[in-house]
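Summary of structural features
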Amino acid sequence: MNKIILTAVVSGALAFAANAQQQKFLPNHLAVLRAGDGVINLHLKQAPIFIDQFDPAGMNDAPSFTVTIPTKGSNALFFNGHAATEGNLTLSADRTLLAFAGYSTDLLQTKGTPSQLEIPRGFCTIDAGGNYSLVHRGSDWYGKTNPRGVVTDGTNNFWGCGNACGTVYFDAKNAAQPLQLIKPFSNTREVKIINHVLYASINGPDGAEAGSPAGIYDYTAGEGTPVGLPRQADVTMHLVIPVGAAYTANVGFDINPAGTIAYVSDTASGVQKYVKTNGDWKFAYNFSIPQTIPKDVNHATGCFGLVVDFSGAAPIIYTTTMEGYGSMNSNRVVRIVDTDPSAAVTTIAQATSTNIVYRGIAFTPEARSAP
């Protein structure tokens, strides 16, 4: 098994000194994972990958900063921009690292659907200076399946999501140890750490396979004892937020610090709001996404990546849309200020080509504090 291990904390500390005065990502901006350069056809299922920075407050004609992910060599990484499930982007629990997962091989080295090929999988981190590190590369990371995403606590602990293997845990400090499968469900759509708790989304087909409802889950052990950040196999996934029966194409999600408001993206319907009242989560309303592509050639009308700014009186939702001309491309990044169910959906970035797709979204990473 071929592995490359670059511990995030060490690389982050070394990068701090060099980049303290040259931080590339701006604070409180959006980082968006993009597949495609506008030239390579996304139907090839392999394309160059970028992370674009956008101003969350206005319309962006172009990103203000872009990180280009290597496409050749031992550090190469890409995801399938044509697939409907790949390309999640997360911000670490300590807010210093972006992370995403994919296929670690030379771009267009071989034809075919990447998830069905015996090529290395891997995942990476990107710090506030735009420094890229391939943390892990090997056949053990969702081999011959879809690697959908990864999240880290910022201290070399990583949790991944994908199909067939469900949730996996990797300790970058002890790279010789095998990945730990956490597999009460064989499919997980997105993982995210919120308030030191790992959550995962399970959609309708995932839940039906396991005899459980779609929704947002955390992890428990023994007699239902909460396990904030699981590292062992003998845990169970516990339903926290059941999604509405009409919204089971769920992927992205975010929850406010108080644990009383949540938003979930649905690839068919848009963004749903859930509110916790008297200990129970209830569906509040759905934000449908006005379409800019003619219905007869439009691929989908929902959303994929999602992140929410809960700092103000009205939560501000940022999400990537799913529309495209027969595929996942020519889509948008949109903003919704949640004042009420009729809140406007405002475009803040538009893909400029049918060979470009925006997928995962997170807030930009912050510089690591000096040790």
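Residues numbered from 1 in each chain as written. Predicted model: local features only at pLDDT ≥ 70, side-chain atom pairs only at ≥ 80, totals over all residues. Heavy atoms only, no water.

1. Examining the environment of Gly 204
Residue position: Gly 204 is located in helix H2 (residues 204-210). It is 9.3 Å that separates the C-alpha atoms of Gly 204 and Val 243, two residues lying 39 residues apart in sequence. Apart from the residues within four sequence positions on either side, Gly 204 is in contact with Ala 214, Thr 248 and Asn 250. (Helix = DSSP H or I, 4+ residues; strand = E, 2+ residues; numbered from the N terminus. Contact = heavy atoms within 4.5 Å.)

2. Quick notes on unusual backbone geometry
Note: most peptide bonds trans; most residues except glycine with negative phi. For Asn 28, which is not glycine, the phi torsion reads 60° and is therefore positive. Residue position: Asn 28 is located in the loop between helix H1 (8-19) and strand S1 (30-35). With a phi close to 55°, Ser 330 is a non-glycine residue in the positive phi region. Judged by its relative accessible area of 6%, Ser 330 is buried. (Buried < 20%, exposed > 50% of the residue type's maximum accessible area, 1.4 Å probe, protein only.)

3. Let's talk about the pattern of salt bridges
Counted according to the given criterion, the structure contains seven salt bridges. Here Arg 332 makes a salt bridge to Glu 323, at a shortest N to O gap of 2.6 Å. The class for Arg 332 is buried, based on a relative accessible area of 3%. Here Glu 323 falls in the buried class, since its relative accessible area comes to 0%. (Salt bridge = Lys/Arg side-chain N within 4 Å of Asp/Glu carboxyl O.)

4. Things to note about the sheet that holds strand S5 (residues 98-103)
Strands sit in the order S4-S5-S6-S7 across an open sheet of four strands; the sheet is antiparallel. The open sheet terminates on both sides in strands that have one partner only, identified here as strand S4 (90-91) and strand S7 (132-138). As defined by bridge partners, strand S6 (residues 121-126) adjoins S7 across six bridges and the pair is classed as antiparallel. For Ile 126, the partnering residue across the bridge sits in S7 and is Tyr 132. (Pairing = 2+ DSSP bridges.)

5. Some points on the confidence of the model for the protein chain
On average, the protein chain scores 91 in pLDDT, and the residues at 70 or more come to 94%. Note on residues 1-21: pLDDT under 50 across the span, and 42 contacts to partners over four residues away in sequence or across chains. (pLDDT = per-residue confidence, 0-100.)

6. Here we look at the environment of Ala 101
Residue placement: Ala 101 occurs in strand S5. Along the primary structure Ala 101 and Leu 89 are separated by twelve residues, whereas in three dimensions their C-alpha atoms are 8.3 Å apart. Apart from the residues lying within four places of it in its own chain, the contact partners of Ala 101 are Phe 79, Gly 122, Phe 123, Trp 141, Pro 147, Gly 149 and Val 150.

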